[in-house]
Amino acid sequence: MTSRRVCVGVFDSGFGGLTVLKALLELSPDSDYIYFGDTARLPYGSKSAATVAKYALEATQYLERNGAQLLVIACNTATALALDNITAASSVPVVGVVEPGAACAALVSKTRRVAVIGTEATVASHAYLKALASRGVEAEEKACPLLVPLIEEGWIEHPVTEQVARIYLDEVFSDRESAGSADVLVLGCTHYPLIRPLLRRVAPPRVKIVDSAESTAQVVSDQLRAKPPGAASEQERRRVSRQTFFATDSVAKFQHLGARFLGRPIDQVHHVDLRE
Ligand code: DGL
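### Description of the packing of aromatic side chains
The final tally for this structure, using the stated rule, is 10 aromatic pairs. Between Tyr35 and Phe245, the ring centres sit 6.2 Å apart and the planes meet at 50 degrees, which makes this aromatic pair tilted. Here Phe245 lies in strand β9 (residues 243-247) and Tyr35 lies in strand β2 (residues 32-37), a separation of 210 residues in the sequence. Taken individually, Tyr35 and Phe245 each receive the classification buried, so the pair is uniform in this respect. Following the ring pairs from residue to residue traces out a cluster consisting of Phe11, Phe36, Tyr44, Tyr55, Tyr62 and Phe246. The side chain of Arg41 reaches across the aromatic face of Tyr55, ending 3.9 Å from its centre.

### Looking at the site of the ligand
Near the ligand the following residues occur: Asp12, Ser13, Pro43, Tyr44, Gly45, Cys75, Asn76, Thr77, Thr119, Cys189, Thr190 and His191. At 3.0 Å, a side-chain N or O of Asp12 approaches a nitrogen atom of the ligand. The backbone of Tyr44 places a nitrogen or oxygen atom 2.7 Å from an oxygen atom of the ligand. In isolation the ligand has 300 Å² of accessible area, and contact with the protein removes 98% of it. When grouped by side-chain class, the residues that make up the shell around the ligand number four nonpolar, seven polar and one charged.

### Observations concerning the environment of Arg200
Considering the arrangement of structural elements, one finds Arg200 in helix α9 (residues 196-202). Classification of Arg200 as partly exposed rests on a relative accessible area of 33%. It is 9.5 Å that separates the C-alpha atoms of Arg200 and Leu185, two residues lying 15 residues apart in sequence. If we ignore the near neighbours within four places in the chain, the residues touching Arg200 are Pro205, Val207, Lys208 and Ile209. From its side chain, Arg200 meets the backbone oxygen of Pro204 in a polar contact 3.1 Å long.

### Describing the sheet that holds strand β4 (residues 94-96)
With respect to topology, six strands assemble into an open sheet ordered β4-β3-β1-β2-β9-β10, the strand pairing being parallel. On the outer flanks of this sheet lie β4 and β10 (270-271), each paired with one strand and no other. Strands in contact with helix α3 (residues 76-89) are β1 (7-12), β3 (70-73) and β4; relative to β4, the strand with the most contacts, it is inclined by about 165 degrees.

### Considerations on the sheet that holds strand β8 (residues 208-211)
In spatial order, the strands read β6-β5-β7-β8; together these four strands make up an open sheet with parallel pairing. Each edge of the open sheet is held by one strand with a lone partner, namely β6 (138-143) and β8. The sheet shows a mean angle of 25 degrees between the axes of neighbouring strands, taken without regard to direction. Pairing of strand β5 (residues 113-118) with β6, which is carried by six bridges, proceeds in the parallel orientation.

Rules and cut-offs
Residues numbered from 1 in each chain as written. Predicted model: local features only at pLDDT ≥ 70, side-chain atom pairs only at ≥ 80, totals over all residues. Heavy atoms only, no water. Phe/Tyr/Trp six-rings, centres within 6.5 Å; stacked < 30°, edge-to-face > 60°. Helix = DSSP H or I, 4+ residues; strand = E, 2+ residues; numbered from the N terminus. Buried < 20%, exposed > 50% of the residue type's maximum accessible area, 1.4 Å probe, protein only. Lys NZ or Arg CZ within 6 Å of the ring centre and 35° of its normal. Near = heavy atom within 4 Å. Polar contact = N/O pair within 3.5 Å; in protein donor to acceptor, adjacent residues only side chain to side chain. Areas by Shrake-Rupley, 256 points an atom, 1.4 Å probe, with all protein chains shown as cover. Nonpolar A, V, L, I, M, F, W, Y, C, P; charged D, E, K, R; others polar. Contact = heavy atoms within 4.5 Å. Pairing = 2+ DSSP bridges. Axes fitted to C-alpha atoms, helices over the stretch in contact; angles between N-to-C directions.

Below, the structure written as structure tokens:
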């Protein structure tokens, strides 16, 4: 019997998108999820738009072939650089993380000035700046390339990470002319929710933090609620949500690192070689 539950495909360059899956599981625990982490080719954040688009298309098409009925591009870099290419090539709806994050920031900001932190590629694309400008909000974008490796190292509450974050955020918030009055900080990278408490301490107290992962999960959950998959049988209703994980590099590393991002153990990971 085929399930009437919606199968959501979640794509990221690696482990970081598990912060989006974590938020999705909280808001939409009844859906099935297939997660693809392109761990063999990360980081995307320092790559060109053409390369990111090529990788992201291969991965999202894999998710579609494996039953995804809705695609969530959890990676900020892939969303910023390749959302249009992915949407054009997909036969299912696609949700990226930039629009939901920008929409939430625009709602929250009173000064109409927002600071956005992300990878070098996300910042260079100005995807957040454009999404915020279309909502009448100015943006100050700041690339924070050292944060991803520090977080993957597990240095979550670590003096070095705090010092690095302080240097980056000081640069963002000390420029009175541009971001001096920014009252929102958008976490425009999958990894940053892990250091949210640290960023909260380091950012000026007036600044509210908007997490793109949470905003995206809210948008997806609203979409799933608006289009329920149909009347499920009693058996289907009782079945717990299935989560399947695919990674292009070591499954052991994915299980180990991924558990930190998902906040729970990951039992099984399937290795994928996209050249096959
Ligand atoms: N997932 C990426 C993002 O959200 C961060 C890691 C990478 O550079 O691949 O931008």
